[in-house]
Every structure is written in structure tokens, then in C-alpha cells.
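Survey of secondary and tertiary structure
The lines below spell out each chain.
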Amino acid sequence: MIDFRKGLRALQKALQQGEVTPQDLVLHSLTTIEEQDSVIQAFLRTESHVAKQRAQVVTSTVTTREDNVLAGIPYALKDNMCYEGVETTCASKILAGYIPPHTATAAHRLDHAGGILIGKVNLDEFAMGSTTENSAYFSTHNPWHPDYVPGGSSGGSAAAVAAGMVPYALGSDTGGSIRQPASFCGVVGLKPTYGRVSRFGLVSYASSLDQIGPITNSVEDAAIVLSAIAGFDERDATCANVPVDDYVGALTGDVKGLRIGVAAELMGEGIDERVRNAVQKAIDLLQSLGATVVPIHLPHLSYAIATYYLIAPAEASSNLARFDGVRYGYRAPQADNLLSMYSKTRSAGFGDEVKRRILLGTYALSSGYYDAYYKRAQQMRTLIAQDFQQAYEHVDVIVAPTSPVLPFRLGEASDDPVTNYLIDICTIPVNLAGLPAISVPCDVVEGLPVGLQIIGNMFDEATILRVADTYEKHSPFAALREAKWGGAAQ
Amino acid sequence: MTYETVIGLEVHVELGTKSKIFCSCDTSFGAPPNSHVCPVCMGSPGVLPVLNEEALRLGMKAALALNCQVRTDSKFDRKNYFYPDSPKAYQISQYDEPIGEQGYVEIEVNGEKKRIGITRVHLEEDAGKLNHSPFGDGSFVDFNRVGIPLIEIVSEPDLRTPEEARLYLEQIKAIMQYCEVSECKMEEGSLRCDANISLRPYGQEAFGTKAEIKNMNSFRNVERGLEFEQQRQEKALTRGEVIVQETRRFDEATGSTISMRGKEDAHDYRYFPDPDLPRIIVSDAFLTACQEEIPELPAAKRERFMQAYGLPAYDAGVLTTSRFLAEFFDATAQQVSDPKAASNWLMGDVLAYMNASGESIEAIRVTPTQFADLIGLIEDGTISTKIAKTVLKTMLDSGKAPKQIIEEQGLVQISDVDALTAIAKAVIERNPAAVQDVLEGKEKAIGSLVGQMMKETKGKANPAVVNQLLKDLILS
């Protein structure tokens, strides 16, 4: 009996002992998708033919490369990452039918490790949103309760993993888009340090904030996947040439002596009391395991949302300008001239949230407004990053809620975009500072998961993985999850 | 004229890298449309630019050669605009932190040196090329050019005549070629020039309203376009009209400029730092290497040719227009006793030959040593000037050494009196009238006798020896 939720090590063991083959895993994945995805709607498309072929190709590597946990195991890609020959839409109408001639470096590295792409999963259009309701195709549902959103923008990735359709998936995180859906779906989501994983092949939303990372069933799985995708890539000039730590080796199961920072700004007003209580219990648990809790302050945090919603849309307005109907994707019919082709194509091709952010960003960069908006936002970004750097002089990691609120029902999000933007308050500052952070499930409240966020210093993924893994091993969540799914990762 | 002309040039120079500035596509000119493209330069979703260090190196060399203050810490910005020639809908350029600023070049106007300020030199990528169908049924984009590295060189408004503008442009071209930054072929678009021109009453400090002139695709047309525009503005001002700020296109067929768009149509390019590219940090070692690669520049070379070889300013100017020509001359001059003679032969017969064959001087098949040997053979009387012309042509045709040609064709000058005496006697015998004239003191008459001697010897007789011999025979 295959259960993807038992984690990558269990799958590797079963493969190596000949209990299952990569073909079995692919079939199990496709079958689970077939059974469940009519409700969950995580997948935009499956690549069953390609996956079955890959399964045959990688079969030999399963036994010959014992160190390689990912060999022969399927995965899903958020549909804003390119894969040669596989349609990549960013859940937008404007890229309908677009088939890239190149593969994202992260996906390429998974393939190199013997991974098998099962298909592409849903997202908020161009990764803009926190519910996956902004997809131009359909909304994804939360596997814990299909009336609830899975979070976003990597909602398809989180839902696919939570529902046991794939053992892991890649997401992208610009303002919380890996961590928040992981939190909503009760799985682990890791946003690496900016520059830790190559962005080549990730369709840019906000280049200075975007980062690819894994969504998995366990912290150990996140460490395994990160090990495979991290590291310098000559095709991304913003990818850091910093040595990659032994992330799996870092999982010592011990937090004794570690200093854990707790920021009042991330535990106070605006945080749902049920979330705060769950996170406080997690902090207490870490303390009982030998960690020291240190109160810290992040004084500029209240400016983070405003800062983000100037920088990200500004970059997006330029990054998304290439979708003009000239070379690929959707082109509006019946345009009289060049200008009308552009405006008709972009008016019909983009959804409302994308258009809102393009307009916002265009305005922020306009002559006469640049200094007042974009430039000041960059200055504030520096101050926010400095807040964190000062905190890390006293602490090893910072813990906070991943989301200030519990998952909410589909269609329940406010009509006021600014209210929706505020629910990213716990995750956005981390992207602005370029730091690594992980969301690990810490509780179930009213049948819905709550995530604990652990934020690390630059390129110190090893420490947040160590803390998250230790926490996970002692967390009450494992039992709650077992009650829900009847299985366990540990 | 009661108005003073003020001109500033914006020059785009394609850097001579093998591959494009942010991807590895080939940069060579003339390939079939859209054959030198890849997902990166085509701006496919998800691709990222990575700087070609060679483009930075050439850009830095150019900035240094133009006497700029260079930035060792600069950045790329995005210039946003929608147009089909721009696949990303933005051009990666440099906005407020160019790699070079406050430079200058010197030009020589009517024998006087004039310094032209350079405001800035910045790196950027080229756009694609739109080809509009002559049948009006569409426009076609060729992306081969997109992503070819460029530098933009912006001058101060220090130029005062269209001629100065041309001289400045020629100087820029020569410097870029000397530094091997670019081939600067205007006909292939690897050197392009836009001009800002305005007029103001003499003595007035404030600038007049300027027009920007585009599409001047040769040195000659830069001068023509500016001359036309100068006259157009002068006439308008004289009539009391107001000049409007606008962009005008030079029309080669009519030699005039035509309004393209006004100031109100100016774009807001929404420049901002490109978040896909890290800051451009240049190390001291990199900068030193760039500096060391800059050769002696044309102005310094011209000066040295005049000093060291005693060349007139004109010769020194012509010989230094191209680095190859200058180095060819330099190598020759060091091996001859009369550099001016070498200059004459080089500027005259050699350049005429290359022009006639439609080749650039770089294609010459003769080495400086072979060329110096030829000059030496003329000087020591082995061959006459006339024969030398034949030998030189054979050298240029075949690349053979002059001595080999002379031997093969038996062209050695006959200076031996004994060998010439018999022929001279025969000529004297056949031309009694001319001999009589000589005897009567008509010195010029000897010319026709010398001519016949040359004809008899197929030009090989040494004219000076023949002259003396004939005089001796007739007058003795």
C-alpha cells in the first residue's frame, strides 16, 4: 500500500527493497489525482505519458544511486515554472498554449536526481494572490475541507501534497506563496534565502523577491528536496555562489542552547487569537526542549505591506510587459493597429488582480512619482532588512505565525484588495529581507491546520530546518494528522 | 549668419563581442532573420539575463579611451516601452549610473585643436530590427540584433558646425577601432548617430530650442542632415518663427529633415534598477587590464608621426585614420631613410589600389618590410619610380617580395654606362634634329632623346644616367 504522506525516505526504502517500482508510484499518483482532483482541483494538467516514460528511464537509477532519495519518485511543478515541451500557463489566459523550449533549473536538477514530473499545478494567476482563487482556470480546494481555500499562490502545490497526490511539489514564494498555502494545507513549505535556488525558468513576478522552494510532508523531505535544487546556477545572475550546507545532516533533533526570537510585532494585534495560541504552544514546546526564548523588536514591520505593494507591482509591471501577443501566447483578434493589439490582448488576457498590480506598479515607477514611491519603498526595504540583521545579533532563528488567520472559505475573501493584502503580514517581511523561512504545521483548529513559521538568517537554512525538524518530532500535529488521514510521515 | 549653431551627438557603437550581452547568441552581421536568437534574447517567459563580461570589458575600454571618469560600481536599469522590436518590452540600459562620465576627445578644426566634452558612456543592449513590407501588408521583426551589446556615447553640446560634428564622429570611430572596441561600420549599423541641434544668437548663453535628428546613416549624411537643419532653423528664426522641440528624420533622397514626432509624444520610460542583474562591480585588476589594452590613440600617433618622421599634418592625419594603416606606416617608416616617400607611396598608390579593389587596407597582401624594401630599391636606384609603380602593383596583386618581382621580370634599372652607350649612340644617330637642338643649347630637347632611351630599355634605364650619357656623347 503506497502512501506518499509517509515521506520520501519510506518511498526510497520501498523502491530499493523492490516492494514498488517507479511505475507503481507514477500510477499511484495518477490514480489518486483521478480519484480526488475532481474535488480538490490542484492540477492544471497531468503529463501521464511523459511520466510513465520517465519512470522506465529512471528505474535503473533507483538501485544504483542509493544516496539519491529522489530517484524514481514523482513530483508536481507549480505552473509558473517552465518545463521543456510541457504547457506553462502561470494560470493565466494570456499564456494559454505556451510551450516553453527550456526547463527551469530547479526542475532540471530534480530530473537529474531521477525525479518524475507528474504534472503542473494551479496557482493564483502569475503567483498574485493568497487563495488560488485568482487562477484564470479554476479554484483549488483545501484537502482538509473542500469548502476552504488552500491558500496561495502555491495552492495547487500545497493541496496536491496534502491530498497525497504527489510526495512533494515545488512552489514559488514572493510574499508568502509557499509558506501560507503550506500552513493552510497542513504541510511543510520552505522558502529558501533569496539566491539559494536558481530562478531560471521561473516566470518572474517580482524578480527581487521570487524564490523557488519545496512543499513536502515533512521537514526532512524539505531538507532532501532543497539539497537537490539549491546552489549556484550560471544562468541566474542573482543566484548566489555560496556553498550548500548538508541540510539532511543538520537535522540533529536537538535545539538545546538555540536562541529563539519572538517579535511582539508578529504576535500581537491582527493575529487571530487561535493562531496566536497555537504558535505560543509551539514556542513553549521549543523552550521545553532546551531553546531559549528571546523577545525581539522589528520596528519597521508596520511598513512591510506598503513597501511590498510598491516594489512587487513595480517589478511585475515590467516583468509582465513581455506578454504582448507578439511572439507567443494569446493574441486578441481584430486589432486595427499595434496599440490596439497590445491593449486588447492584455485587457482580455490578464485577470483583474494582475491588471491591478500592473497599474499600481506602472504608477509607482512613473516619472515624477518614482522618488516618492519606488525609491522610498527601497529605502524602507533596507530598514526592514536591517531590523532583522540586528535581531540576528541576539537570536539564531525567529518564530512567528505563518498566517495571521485560519484558512477561510472559498469566496469569503474580501472584495477590498487592501484587506486581502494584510493577511500576508507575517510572510512579506521575510521576502523583503531575503531571508529563509519554513512553515511547519503546529496545530489543527476547528478542523483546519495552523502553521508555525521559523525564519532564519541569510543562507542559514540548516538551522531553521533543524529547529523545524526537532519541533515536528515533538509536535502534537503528527497525531492530529494521523487522525485526519490515517497515516503518518514519521 | 547672426546665429550660432550648437550641436551635441548621441552615438551608438556596437561592441565587437562574439556573443550577445546577456546570452550566448552569435553577433555576426548578415545572418538570415531570426537565426541568431535563443529564449533569453527573445524574452521567453522565465529566462534571465547574465552579463557577458567581454561586453563590460570593451565598454570600459571605450570609456577609458574617451578619457572618462569610470565607475567601478554601477548598475543596469530597465527602460520600459512597448514596441515589437523589444521582446521583453524593456531595454536593459544604464540610467543614472553610467560606466563612464566627464570624458572628452580632441578634434582638429582648421589646424586648431578643439576639445569636445563627453557627458556619458553607458552600456546597453540593442533592439531588434523592424522591416516594413513595401506592399503595406505587414511589418516583420528580425531579432538577430536584439541583445547585441552597445555603448551610447553622449557628447556635450560643444560642437559648433556640421563639419565639427563629422570630425568628432570620425574621431570617435578611429578611437573605437584603435581600441578594438568596435568595427564601427556605419553601413552595417555598428556605428549609429543621432544629433541634437539648436541655434542661438551670437553672445547669448542660453541654448535655443533643439531638434533631434535621426536616421543619418553615413558620415556624409550626418554633415548633410545637420547643414540642412541648420539652414531650416536659421530661416525660421529669421522669419521670426518659433522652433518647436521635436524629433526629425533625415531623408537621404532629398537631403532634408522631416518631422517625426513632437515633444508631447515623448515616452515615460519608467526607468528602474533591473532586479535580475546584480550591481556591476569592477575590480582594480580588471580596470588595469582594460587600461593596458588601450593602444596609442590616433591623436597621439598623429603628433608622433609629425615629430618623429617629419610628416606634414595632412599626411599624419590621413595615415592615422585607421589603426592598421598607422601601424603599417609606422613599421615601414622605421625601415626607410625617407619616411615622407613611404607616406607618399602609401597614401597614393597603395590606398588608390585598395579603393579600386573595394577592399579595406586590412586586406593588403604586402608586409611593411616588403613595402620598405621597395622604397629602399627606389632610393638606391635599383629601380626607377616608374618601374616601382609596376612592381608595387604586382606586389599588391600577389604579395610577392619586390626583389623577387624585379628578378622574375628583369626590371632592374640599367645604370651601367657601358651597357647604355650603344643604345644612346643609335638614338643620337636616328634623331639629328633633336641633337642639333641640344647643340644649340636647347636643353629641353634632350628630354625626347631620354624618352626614346627609356622606350628602348622598356623603362629600365636609369633616367639620370641616361641624361648625363646623352649630354656627354652629344657635347663631346
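The residue numbers shown here count from 1 along each chain, following its written sequence. All chains are assigned letters beginning at A, and all ligands numbers beginning at 1, according to the order in which they are written. Totals for whole chains, interfaces and linings use all residues, but because this is a predicted model, local features are given only for residues with pLDDT of at least 70 and pairs of side-chain atoms are given and counted only at 80 or more. To obtain the side-chain values, all non-hydrogen atoms of the structure were used and water was disregarded.

What to know about the overall build of chain B
Helix and strand counts for chain B come out as 15 helices and 16 strands. Each radius of gyration reported is based on C-alpha atoms, and the globular scaling rule is 2.2 Å times the count of residues to the power 0.38. Rg of the C-alpha trace for chain B: 30 Å, well past the compact-globule value of 23 Å for 476 residues, more than 25% over. Structurally, chain B occupies a C-alpha span of about 95 × 55 × 50 Å along its principal axes. For each residue, the accessible area found with a 1.4 Å probe, counting protein chains only, is set against the maximum for its type, and the residue is called buried under 20%, exposed over 50%, and partly exposed in between. Taking all 476 residues of chain B together, the buried fraction comes to 51%. For chain B, the proportion of contacts with a sequence separation of at least 24, taken over those separated by at least 6, is 69%. The accessible surface values rely on the Shrake-Rupley method and a 1.4 Å probe; as for residues, cover is taken only from the protein chains in view. Counting every atom, chain B has about 21700 Å² of accessible surface; 50% of that belongs to carbon and sulfur. Taken as two groups, the 53 positive and 72 negative side-chain charges of chain B have centres that lie 3 Å from each other. Runs of H or I in DSSP of at least four residues are treated as helices and runs of E of at least two as strands, each being numbered from the N terminus. Note on definitions: a residue-residue contact is assigned when non-hydrogen atoms from the two residues lie within 4.5 Å. Asp and Glu are treated as the negative residues and Lys and Arg as the positive ones, with His and the ends of the chain left uncounted. Here the site of a charge means atom NZ of a Lys, CZ of an Arg, CG of an Asp or CD of a Glu.

Looking at the packing of aromatic side chains
Pairing of aromatic rings covers Phe, Tyr and the six-membered ring of Trp, with a centre-to-centre limit of 6.5 Å; geometry is then stacked below 30 degrees between planes, edge-to-face above 60, and tilted otherwise. Scanning all chains against the criterion turns up 25 aromatic pairs over all chains. Summarising the aromatic geometry, the rings of A:Tyr363 and A:Tyr369 are spaced 4.7 Å apart at their centres and angled 35° between planes, so their arrangement reads as tilted. You can call A:Tyr369 partly exposed: its relative accessible area is 35%. Centroid distance A:Tyr363 to A:Tyr373: 5.7 Å. Interplanar angle 45°. Geometry classified as tilted. Separated by 10 residues along the polypeptide, A:Tyr363 in helix 11 (residues 352-365) and A:Tyr373 in helix 12 (residues 371-391) bring together distant segments of the chain. Residue classification places A:Tyr363 among the partly exposed positions, given a relative accessible area of 40%. In this structure A:Tyr373 comes out as partly exposed when scored by relative accessible area, which is 30%. Ring pairing ties together the aromatic residues A:Tyr98, A:Phe126, A:Phe323, A:Tyr328 and A:Phe350, which thus form one cluster. Lysine NZ or arginine CZ positioned within 6 Å of the ring centre and within 35 degrees of the ring normal marks a charge as sitting over the ring. For A:Arg5, the ring lying beneath its charged end belongs to A:Trp485, and the centroid distance is 4.0 Å. In this structure, B:Arg115 is placed above the aromatic ring of B:Tyr104, and the distance from its NZ or CZ to the ring centre is 3.6 Å.

As for the environment of B:Ile151
Residue and element names in this part refer to chain B. Mapped onto the secondary structure, Ile-151 falls in strand 10 (residues 149-155). Here Ile-151 falls in the buried class, since its relative accessible area comes to 0%. Along the backbone, Ile-151 and Ile-280 are 129 residues apart, and their C-alpha atoms lie at a distance of 15 Å. Once residues within four sequence positions are removed from consideration, Ile-151 is found in contact with Val-11, His-12, Val-13, Leu-15, Gly-59, Ala-62, Val-121, His-122, Leu-123 and Met-176.

Some points on the interface of chain B and chain A
Across the boundary between the two partners, chain B contributes 29 residues, which contact 38 residues of chain A. Summed over both partners, buried area is the accessible surface (1.4 Å probe) that two parts give up on being assembled. Where chain B abuts chain A, roughly 2600 Å² becomes buried across the two surfaces, and 61% of that area is made up of carbon and sulfur atoms. When residues of chain B are sorted by the area they lose upon contact with chain A, B:Pro45, B:Leu48 and B:Phe82 head the list and together hold 24% of the total. Throughout this description, the term salt bridge denotes a Lys or Arg side-chain nitrogen within 4 Å of a carboxyl oxygen of Asp or Glu. Across the contact surface, chain B and chain A share 1 salt bridge. In this structure, the salt-bridge partner of A:Arg199 is B:Asp276, at a minimum N-O distance of 3.0 Å.

Quick look at the sheet that holds strand 7 (residues 112-125) of chain B
Residue and element names in this part refer to chain B. Here the rule is simple: two strands pair whenever DSSP picks up at least two bridges between them. Across the sheet, which stays open at both edges, the 9 strands sit in the order 2-6-7-10-1-11-12-13-14 with mixed pairing between neighbours. Every interior strand has two partners, whereas the edge strands, strand 2 (69-70) and strand 14 (256-262), have only one. Pairing geometry for strand 12 (residues 211-214) and strand 13 (residues 246-251), over 4 bridges, is parallel. In the sheet register, Lys-214 faces strand 13, and the bridge partner there is Arg-249. In this fold helix 3 (residues 219-238) packs onto strand 1 (3-14), strand 11 (191-201), strand 12, strand 13 and strand 14, with an angle of close to 25° to the strand it touches most, strand 11. Angles shown run from 0 to 180 degrees and are taken between the N-to-C directions of axes, each axis being a line fitted to C-alpha atoms and, for helices, limited to the stretch in contact.

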